[in-house]
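# Tertiary structure, described
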Amino acid sequence: MSADTTTATSGIGPVEGGAGTAYGVDNPAPVIEAPRKRTAKTPRSTRGNFEMAAWLFMRLSGIVLVVLVLGHLLIQLVLDGGVSKIGFAFVAGRWASPFWQIWDLLMLWLAMLHGGNGLRTVINDYAERDTTRFWLKMLLYTATVFTVLLGTLVIFTFDPNIR
Amino acid sequence: MPAGTLYRGREGMWSWVAHRVTGVLIFFFLFVHVLDTALVRVSPEAYDKVVATYKTPIVALLEYGLVAAILFHALNGLRVIAVDFWSKGPRYQKQMLWTVMGIWVVLMVGALYPVLGHAVRELFGS
């Protein structure tokens, strides 16, 4: 950043609310730097494209989840008597098919990662203290990993003859 | 209006707020839902006992609220994708929001009987 004082003399009208501060050759307006201009102090290495990948993931997983989740709701809450039909036997009947196992597995992973990243954004937005933000995110990551692993284990080790 | 406020509380901001609130609610439900489903690894009785509470009228009302949150989040999410990827998306974001709300109302009316029907029958007899 250099103190650039070569401002154009013409074409600069009076600044609103700046009574008594007419900028000109002898009184140049201060240079306002672009918010993300790279300066000598900017580190050479930035953090890569993680945030862009996360942004894209939210959109792609969102489209898939619309199909998976709305299909799930239709089956569980609307068709064949709605929620009143659900029980161990119903779960056993559905997970007998690899199709529904894959459906539920995909839904579990995508929904947890989509929701986890959404909550990460919310924490980043509202938790202002560094330590608060750090620990809230650690809690979030722990809960997310635990839930994904537990759900995956349940789908793969389900035993219809547990009794 | 406080200084530095970028948004002025119109469709764009309120849909963003609603997307956030519904998203957080759905995430917390999902957490509970994976835990309750995990009971199938404990015993059929443990699972059926918990699911039985899901069939009570009060929880049926909560289910209806969950459906409302998921439908809004899904439809508005598609709108957000359209705003981001469709060249005319930002120009039509308001019209798209009202389209979302229209479809949402229709689907919510459609979900009324399937989701709340059994609760009403239980409360008032069949």
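Residues numbered from 1 in each chain as written. Chains lettered and ligands numbered in written order. Predicted model: local features only at pLDDT ≥ 70, side-chain atom pairs only at ≥ 80, totals over all residues. Heavy atoms only, no water.

### Concerning the overall build of chain B
- When helices and strands are counted, chain B shows four helices and zero strands.
- Starting at the N terminus and ending at the C terminus, chain B contains elements arranged as α-α-α-α.
- Contacts in chain B between residues at least 24 apart in sequence constitute 66% of all its contacts with a sequence separation of at least 6.
- Carbon and sulfur atoms provide 73% of the accessible area of chain B, an area that totals close to 7,500 Å². (Helix = DSSP H or I, 4+ residues; strand = E, 2+ residues; numbered from the N terminus. Contact = heavy atoms within 4.5 Å. Areas by Shrake-Rupley, 256 points an atom, 1.4 Å probe, with all protein chains shown as cover.)

### Focus: the UniProt feature "transmembrane region" (unreviewed entry) in chain A
All names here are of chain A.
- The UniProt entry lists residues 53–75, 95–113 and 134–158 under the feature "transmembrane region" (unreviewed entry), expressed in the numbering used here.
- As annotated, residues 95–113 has a helix share of 89% and a strand share of 0%, and its two end C-alpha atoms lie 23 Å apart.
- For the annotated span residues 134–158, helix accounts for 96% and strand for 0% of the residues, and the straight-line distance between the end C-alpha atoms is 36 Å. (UniProt positions renumbered as here; feature names shortened; annotations may be inferred.)

### Some details on the interface of chain B and chain A
- Facing the 37 residues of chain B at the interface are 42 residues of chain A.
- Along the contact surface separating chain B from chain A lie two salt bridges.
- The salt bridge involving Asp84 of chain B is made with Arg59 of chain A; its shortest N-O contact spans 2.6 Å.
- Where chain B touches chain A, the interface holds seven residue pairs in polar contact (both at pLDDT 80 or more).
- Those elements giving two or more residues to the side of chain B that touches chain A turn out to be helix H1 (11–37), helix H2 (44–54), helix H3 (57–85) and helix H4 (93–124) of chain B.
- Class assignment of the residues belonging to the side of chain B that touches chain A gives a composition of 25 nonpolar, five polar and seven charged. (Salt bridge = Lys/Arg side-chain N within 4 Å of Asp/Glu carboxyl O. Polar contact = N/O pair within 3.5 Å; in protein donor to acceptor, adjacent residues only side chain to side chain. Nonpolar A, V, L, I, M, F, W, Y, C, P; charged D, E, K, R; others polar.)

### Remarks on the pattern of salt bridges
- Tallying each qualifying case throughout the model produces five salt bridges over all chains.
- Across the pair Asp125 of chain A and Arg20 of chain B runs a salt bridge whose closest N-O atoms are separated by 2.6 Å. Here Asp125 of chain A, found in helix H3 (residues 98–126), pairs with Arg20 of chain B, found in helix H1, and the two come from separate chains.
- Take Asp125 of chain A: its relative accessible area is 40%, and that puts it in the partly exposed class.
- According to the relative accessible area criterion, Arg20 of chain B is buried, its value standing at 16%.
- Put simply, Asp130 of chain A and Arg133 of chain A hold a salt bridge, and the shortest N to O gap is 2.7 Å. Of the two residues, Asp130 of chain A and Arg133 of chain A both sit in helix H4 (residues 130–157), three residues apart, roughly one turn of that helix.
- On the accessibility criterion, Asp130 of chain A (56% relative accessible area) is exposed. (Buried < 20%, exposed > 50% of the residue type's maximum accessible area, 1.4 Å probe, protein only.)

### Quick look at the nonpolar core
- If you look at the biggest cluster of nonpolar residues, it comprises 47 residues, and the most contacted ones within it are Trp95 and Phe158 of chain A together with Val40, Tyr47 and Val67 of chain B.
- Secondary-structure elements contributing two or more residues to this core are helix H1 (50–78), helix H2 (88–95), H3 and H4 of chain A together with H1, H2, H3 and H4 of chain B.
- Here this core takes nine residues from H3 of chain A, the largest share from any one element.
- Apart from the residues lying within four places of it in its own chain, the contact partners of Phe158 of chain A are Phe88, Val91, Ala92 and Trp95 of chain A together with Val40 and Arg41 of chain B. (Core = buried A, V, L, I, M, F, W, Y, C linked by side-chain atoms within 4.5 Å.)

### Concerning the packing of aromatic side chains
Residues and elements named next belong to chain A.
- Tallying each qualifying case throughout the model produces nine aromatic pairs over all chains.
- A network of ring pairs unites the aromatic residues Phe88, Trp95 and Phe158 as a single cluster.
- Lying over the aromatic face of Trp100, Arg94 brings its terminal NZ or CZ to 4.4 Å of the ring centre. (Phe/Tyr/Trp six-rings, centres within 6.5 Å; stacked < 30°, edge-to-face > 60°. Lys NZ or Arg CZ within 6 Å of the ring centre and 35° of its normal.)

### Quick look at the UniProt feature "transmembrane region" (unreviewed entry) in chain B
Residues and elements named next belong to chain B.
- Mapped onto this numbering, the UniProt entry annotates "transmembrane region" (unreviewed entry) at residues 21–42, 54–75 and 96–116.
- Taken end to end, residues 21–42 is 77% helix and 0% strand, and its first and last C-alpha atoms sit 33 Å apart.
- Across residues 54–75, the secondary structure splits into 91% helix and 0% strand, with the terminal C-alpha atoms separated by 26 Å.

### Some remarks on the side chain of His73 of chain B
- Locating His73 of chain B in the fold gives a position in helix H3.
- For His73 of chain B, a relative accessible area of 18% puts it in the buried group.
- Beyond its immediate stretch of four places on either side in the chain, His73 of chain B contacts His114 of chain A together with His19, Thr22, Gly23 and Ile26 of chain B.

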